[in-house]
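# Summary of structural features
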Protein chains: 2
Amino acid sequence: MFVFLNGQIVPKEEATVSIFDRGFLYGDGLFETIRCYGGRPFRWADHLERLERGAAFLEIPLPFRKDELREQAARLVERNQMPECLLRLTLSRGTGLRGYSPRGAEHPTLVMALHPAPDVPGELPPKWRTIISSFRLSTNDPLAQFKTCNKLPQVLARAEAETRGADEALLLNSDGEVVEACSANLFWVGKNGVCTPPIAAGALAGVTRRVVLGICPELGLVVQETGIAVPQLHGTEGVFLTLASRGVVEVTAVDGQELPRSPRVREIHSAYVKMTGRQYD
Amino acid sequence: MFVFLNGQIVPKEEATVSIFDRGFLYGDGLFETIRCYGGRPFRWADHLERLERGAAFLEIPLPFRKDELREQAARLVERNQMPECLLRLTLSRGTGLRGYSPRGAEHPTLVMALHPAPDVPGELPPKWRTIISSFRLSTNDPLAQFKTCNKLPQVLARAEAETRGADEALLLNSDGEVVEACSANLFWVGKNGVCTPPIAAGALAGVTRRVVLGICPELGLVVQETGIAVPQLHGTEGVFLTLASRGVVEVTAVDGQELPRSPRVREIHSAYVKMTGRQYD
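Quick caveat: nothing in here was measured; it's all calculated off a predicted structure. (Residues numbered from 1 in each chain as written. Chains lettered and ligands numbered in written order. Predicted model: local features only at pLDDT ≥ 70, side-chain atom pairs only at ≥ 80, totals over all residues. Heavy atoms only, no water.)

Burial analysis of strand β6 (residues 85-92) of chain B places 8 of its 8 residues in the buried class, the great majority of the element. Here β6(B) shows no split at all, with B:Cys85, B:Leu87, B:Leu89 and B:Leu91 on one side and B:Leu86, B:Arg88, B:Thr90 and B:Ser92 on the other all buried. (Buried < 20%, exposed > 50% of the residue type's maximum accessible area, 1.4 Å probe, protein only. Helix = DSSP H or I, 4+ residues; strand = E, 2+ residues; numbered from the N terminus.)

The structure is reproduced here in structure tokens:
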């Protein structure tokens with residue numbers, strides 16, 4: 001396995017960063033996880049645009065142009081002969097002075113690494129059982145809209161899910177609404193169409209979320225951004241998650257209680273899979 | 001410069017971790033910053049106890065016994081000939097499977113690195129000008145009581161302070177109370193004694209905070225844990241911060257407005273400096 005590290009493609013074993021890298025010290029960085037289909041990164045432009053917005057907010061300059069990164073990503077997929085993969089891109093602030101101040105950190109670290117794709121998309125969406133995590137997301141956290149490397153709540157919520165025999169955890173915001181899953185955005189099918197919590201509620205601006213918001217009207221489904229409390233999930237017609245690594249995932253249960261299942265979820269999944277086969281940027 | 005890394009003392013240049021270390025990927029770890037005076041780590045036991053509590057919460061096993069770490073810390077100070085230093089100890093979950101789940105990460109990373117101490121304690125406490133950060137801490141965050149490697153709000157708040165010509169930023173919690181600084185606990189001198197926000201308000205259980213809470217009664221000062229809003233800071237007799245790297249730091253201004261100065265702050269500073277010269281654990 002080869003990894004792109006600061007301009008060079010190196011064997012995995014040599015892909016290391018200093019213990020003084022601020023990514024390691026403080027989670028002072030951002031990442032993207034991009035699914036490659038047939039060797040081509042799906043929605044590359046959307047992922048890189050989000051990375052750029054986060055980097056501007058954190059004031060970490062991108063050390064490579066986007067087209068250079070795109071080329072290097074292609075080289076990496078080729079070199080690893082892994083056309084079906086997940087590409088994780090990490091940008092950290094690099095090393096600087098001691099302490100929280102970002103001063104003196106002038107050489108950001110940029111890594112791209114590949115992982116085997118979790119599976120080939122099938123006719124039906126994957127199914128996940130979920131729990132409600134005890135960890136909450138802050139409704140007004142200005143960092144919530146970026147994919148930062150501060151992910152301990154998500155790590156611990158996922159561990160809670162696994163301890164309780166579930167696949168994923170749903171997280172509430174400080175207003176008590178279900179806002180997203182650890183690694184995915186939340187959607188549900190209602191009487192009037194498809195709903196998802198708004199970004200303003202603390203949801204990450206997911207790339208797959210955006211794709212699905214675009215697909216729904218093509219299927220004749222009205223989309224609406226609105227909040228939802230846990231008990232209301234049981235009154236929907238079906239619940240699903242969206243994430244770049246898996247696409248559309250059906251949620252079959254929450255906290256051990258089975259959820260309604262909607263044929264709409266399968267339709268949206270099919271439309272998403274079709275799109276991954278023909279459209280990339 | 002030499003660094004302790006997973007059982008070995010290695011030159012700084014060789015002190016690296018995998019790009020797949022979860023500390024780098026997610027800030028999935030904890031740290032402590034310990035001041036060594038005359039080669040001896042001050043309040044080592046308190047720091048290690050907090051680390052242990054955090055490690056238990058995150059379910060990261062400590063890969064070395066505390067007495068082994070203490071010995072290695074002494075070796076490191078000796079090897080670097082740096083008796084006046086800051087020792088940063090970092091524990092991360094190490095490498096595991098892809099994704100948030102901590103499963104498969106069975107070899108935590110443990111690092112100890114030294115930095116020159118910022119200064120020798122003088123007769124008067126250092127003075128810092130502060131601002132109120134736009135970033136807020138969540139009042140009910142269960143992670144707030146541990147020193148995790150998820151420190152982006154602190155990094156960005158410190159950057160705000162520096163942009164505005166200040167030394168440090170004060171952070172409000174979601175209830176609008178001043179809870180702590182990026183790298184320090186907050187205290188103020190009131191008519192009835194010395195006050196500091198309670199841990200339940202979202203304040204970190206600072207080691208230096210605890211030392212100062214012990215010193216005050218010896219100086220005849222009553223201590224009280226209570227909240228404070230920004231305007232009330234101006235009605236105090238004096239405001240100060242506590243942190244392991246500096247001890248007691250007097251806060252001279254907030255958002256450009258000068259604060260009252262109390263001789264009590266200097267007394268507490270003197271008592272703290274005296275203690276660092278005679279008592280360690």
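Listed per partner, the contact involves 55 residues of chain B and 55 residues of chain A. Taken over both partners, the interface formed by chain B and chain A buries close to 4,500 Å², and the fraction arising from carbon and sulfur atoms is 71%. On the chain B side of the contact with chain A, B:Phe24, B:Tyr100 and B:Leu152 bury the most area, a combined 19% of that side's loss. On the surface where chain B and chain A come into contact, there are 2 salt bridges. The salt bridge involving B:Glu162 is made with A:Arg103; its shortest N-O contact spans 3.2 Å. Across the contact surface, chain B and chain A share 18 residue pairs in polar contact (both at pLDDT 80 or more). For the side of chain B that touches chain A, the elements supplying multiple residues, two or more each, are β1 (2-5), β3 (16-18), α1 (22-26), β4 (29-37), α2 (44-58), β6, β7 (109-116) and α4 (152-163) of chain B. In terms of residue count, α4(B) provides more of the side of chain B that touches chain A than any other element does, 8 residues in total. Looking at the side of chain B that touches chain A residue by residue, the class counts come to 27 nonpolar, 16 polar and 12 charged. (Contact = heavy atoms within 4.5 Å. Buried area = accessible area lost by both parts, 1.4 Å probe. Salt bridge = Lys/Arg side-chain N within 4 Å of Asp/Glu carboxyl O. Polar contact = N/O pair within 3.5 Å; in protein donor to acceptor, adjacent residues only side chain to side chain. Nonpolar A, V, L, I, M, F, W, Y, C, P; charged D, E, K, R; others polar.)

To continue, consider the sheet that holds strand β5 (residues 40-41) of chain A. Residue and element names in this part refer to chain A. Spatially, 6 strands are ordered β2-β1-β7-β6-β4-β5 in an open sheet, and the strand pairing comes out antiparallel. Strands at the two margins of the open sheet, each flanked by one partner only, are β2 (8-11) and β5. Lying over the sheet, helix α2 (residues 44-58) contacts β4 (29-37), β5, β6 (85-92) and β7 (109-116), oriented at roughly 180° with respect to β4. (Pairing = 2+ DSSP bridges. Axes fitted to C-alpha atoms, helices over the stretch in contact; angles between N-to-C directions.)

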